[in-house]
Each structure stands twice: as C-alpha cells, then as structure tokens.
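# Structural characterization, general
One letter stands for each residue in the lines below.
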Amino acid sequence: MESFRAEKDNVEYLASLTSLRGIAAVLVMLFHIDVLTYYRGLGTLVAHTETQIITKGYLWVDFFFVLSGFVMMHSSGNSFSGGVSLLNIRSYLANRFWRIYPLHLACLLVLVLFVIAFPVIFPAVLSDGSWATYFDWSALLHSLTLLNAHGLHTYLSWNMVSWSIGAEWWAYVLAIPLYPYLRRASVGASLAIIILGYLLLVLLAMSVGGNSLDITHDFGVVRCLIGFMVGIGLRSVFCRFREHWLLTSDLLLLANVFLLVALLHLGSNDYIVAISMGCLVFLGAAGKGSVSAVLQLRPLQYLGEISYSIYLMHGVVFMVAWYVLPTIVGADPTHELGAYQHLIIWGVFIATTLPLAFLSHRYVEVPFRKGLRTE
C-alpha cells in the first residue's frame, strides 16, 4: 500500500500507477465509511440493493496486492539480477521495513492512547461488546510483529486495515525467490505464474472465504502473497509487450475501466473483478494516451504519494468513529439516518482523514524514508 517512487535513478517512475494507488486508497476509505454506518445500524448513503460499487470496495485491497508485486519487481527486481544473497536480501527488506513500519507503529500508538483515554471520558463504551474484541491487548502484540493476518485471532483488531500491512510484509519476504526467476522467465512461464495465481485465489476463496475474497485476519497473508505473485508475473510480461500500440493507447485501458465499474456495480463474482483489477495495473503502467496524461496531473500524483497514509490513517479514524458515532446519535442507534445526515458523516470522515494523512506522510513517512534508506 505504500507510495511508489523509483528507488534508483535508472528505474523508470510509473506515474500512472501512483495515481491509481491514490484513487484505490480513497475507494477503500469509502467502503469503510459505508461499513461504519451500516454495521452501527444507521443505514447507508446508497442502498446496497441499488449498486455494489461501494460494498465491493474490499476488492481494492487485491488491487493493492497486485500493484505492490508489480512495482516491487519493477523497482527491486534488478537488485536480484545476480541471484539471491544475504546482502541484497538485507538491503531489500530493510527498505521495505522502513517504508511500512514507522507509520504502522504510529497508528497503533495513537489507538493505544485512545483506548486508555476514551473509557475515562465515556465509561459506557466498555459495555460495548466490540470494545474487548477490537482492542484485545493480546492481539496488539501480533499487530506490532506484523502477524495480524495469520489466523492467530478469530477477528480483526486494533487498526483493522493493518492486517494487509502485516500480510504484505510477509509477501515481501516470501516472494524473494520469484524475483531472479521471473526476471529471466519466458512469457509463457510468466503467464503460467499469473494463471496459477488466479486459480489459487479461486481455491482460497472457495475453501475459506465462502466464495468471497474478503479474507483478512485468517488467511490474509495467503491472499496477499497470491496477488503479489500475480503482480510480479504481470511485470515480467509487461517488459516484453509494453510498447505495443494496443497497450499504449487508451482503447484497452478505458474498456477495462468501464468493465470494472460495471462488474462492481452489478456485484459480479469476486474472481472476475480481481482479474479486471490485475488488468488495470498492467494497462495503467503501459498507457501513454490521454488517460495516462490525466493520471499524471499533480493533484492525482499527490493523492498517490500520500496513499499509504490515507490507507492507515483512515483505519484509525474508523476505529475512533466506531465508538464516537454512537455517543453522538445515541447509545443504541438502531434507526437509519437520512441522506443529508449520511453526507455529513461521510464529509467529516473524509475531512478528518485527509489532513491526518498529509501530516503523517510529511512527518512520519518522509523522514524515515530519507533518513533510513539503505540503497
């Protein structure tokens, strides 16, 4: 989920992917706002029966996983061109760790302070059954050690969205053998990796996800590793065909965007949506037309640059809002709010998250990236 910048001067910066990452982070945030109001008994801004564009928002995490594999192969694959050694593994993992962990830790510390202070102000919160579950102190250790997507608990906890950060860290580790292999692999071998990845994704969903890819705290690490593997394979194929006119034009990219929107709106099968999202990564990286030009606009670029902060900070805002919202609308909210009230909640949530993301990016992400990089 972290923002991608070329790590070495000779690595091409794929600007469109940065913007797409930012857009995806915002869409995940909208999904969680909907989750917040729906599961707090307040209804939804848009009825789930009318469209599932928002309710299928958990699938944008699969987009992140594929995107991460793609950009890691793009930015770090050359580090393993001579094979895997202790030196390049250490350098690679150190950079990955300092990209993701400081902000992850900062978010956990904020939530620890919230857990200590909020019950003093609103003691009734302790009677909320979710409090002891979501803020289980034993689960905090697993979040701190990035083991929060390994089935060690039967629920999400603390910064709930950070399960994907723990999963992605282990994907970084476990994918190391794929870098030197797929860097030299034929197109056929790379396509086989991609197809195998999607087949494994189907198998995972059918076996543990109830035919859904909304798999988080239990087998989230497997879900992430599969998406990461697909992304690495896509980058390998991308190198061979990136200059083909069909890929550089807007034709296929726009067709895929319209298809993806339709699939999400209709609530189509998760596997089909996941494939379309993989195509979005591939085509977004290759595109050189008008869509690519729009994606290179500075506001969208900046949104992508702070996307990791948007992702983690909106999780903190979600956890706080989960308990603050009932204190505002009533201790036992069981009535649905009107559209105007929902718009206020959405607006406040977004207006809180984006400034926090700006601050956390500037004062947590950037200093650690500049001061602790090893390459």
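Note that the coordinates shown come from a computational prediction; the quantities given were computed from them, not determined experimentally. (Residues numbered from 1 in each chain as written. Predicted model: local features only at pLDDT ≥ 70, side-chain atom pairs only at ≥ 80, totals over all residues. Heavy atoms only, no water.)

This part covers the overall build of the protein chain. Counting secondary structure elements, the protein chain contains 16 helices and 0 strands. Scaling as 2.2 N^0.38, a compact globule of 375 residues should have a C-alpha radius of gyration of about 21 Å, and the protein chain matches this with 20 Å. Counting only C-alpha atoms, the protein chain reaches 60 × 45 × 45 Å along its principal axes. For the protein chain, the residues scored as buried account for 56% of the 375 residues in total. Long-range pairs, those at least 24 residues apart, make up 80% of the contacts in the protein chain between residues at least 6 apart in sequence. Averaged over its 20 positive side-chain charges, the protein chain has a centre that lies 14 Å from the centre of its 20 negative ones. (Helix = DSSP H or I, 4+ residues; strand = E, 2+ residues; numbered from the N terminus. Rg over C-alpha atoms; globule rule 2.2 N^0.38 Å. Buried < 20%, exposed > 50% of the residue type's maximum accessible area, 1.4 Å probe, protein only. Contact = heavy atoms within 4.5 Å. Lys, Arg positive; Asp, Glu negative; His and termini not counted. Charge placed at Lys NZ, Arg CZ, Asp CG, Glu CD.)

On to the nonpolar core. By size, the foremost hydrophobic cluster in this structure holds 119 residues, and its most contacted members are L17, W60, F63, F70, W158, F228 and Y323. Among the elements that make up this core, the one with the highest residue count is helix α15 (residues 307–329) (13 residues). (Core = buried A, V, L, I, M, F, W, Y, C linked by side-chain atoms within 4.5 Å.)

Now for α15. Each α-helix turn comprises 3.6 residues. Residues three or four places apart therefore point the same way. Between its first and last C-alpha, α15 extends 31 Å over 23 residues, near the 33 Å set by a 1.5 Å rise per residue. Remark: the principal bend of α15, roughly 35°, maps to A321. The buried fraction of α15 amounts to 18 of the 23 residues, a majority that puts the element mostly inside the structure. (Expected span 1.5 Å × (residues − 1). Bend = angle between axes of the 7 residues up to and from the residue.)

This part is about a nonpolar patch on the surface. A cluster of nonpolar side chains, contributed by L356, F358, L359 and Y363, occupies part of the molecular surface with about 370 Å² of accessible area. Here Y363 lies in helix α16 (residues 339–372). Judged by its relative accessible area of 54%, Y363 falls in the exposed class. (Patch = residues over 30% accessible without salt bridge, like charges linked within 9 Å, V, L, I, M, F, W, Y side chains within 5 Å. Areas by Shrake-Rupley, 256 points an atom, 1.4 Å probe, with all protein chains shown as cover. Salt bridge = Lys/Arg side-chain N within 4 Å of Asp/Glu carboxyl O.)

Considering all chains together, one arrives at 4 salt bridges under this definition. The partner of R298 in a salt bridge is E305, and the shortest N-O contact between them spans 2.8 Å. Given the relative accessible area of 11%, E305 is considered buried.

In this section: unusual backbone geometry. One non-glycine residue, L146, adopts positive backbone phi at about 60°. We classify L146 as buried; its relative accessible area is 4%. Even without being glycine, W158 reaches a positive phi, approximately 50°. When its relative accessible area of 0% is taken as the criterion, W158 is described as buried.

Secondary-structure assignment places S157 in the loop between α5 (137–144) and α6 (163–174). Since its relative accessible area comes to 11%, S157 is described here as buried. Once you skip the residues sitting within four places of it in the chain, S157 turns out to touch T133, Y134, A139 and S143.

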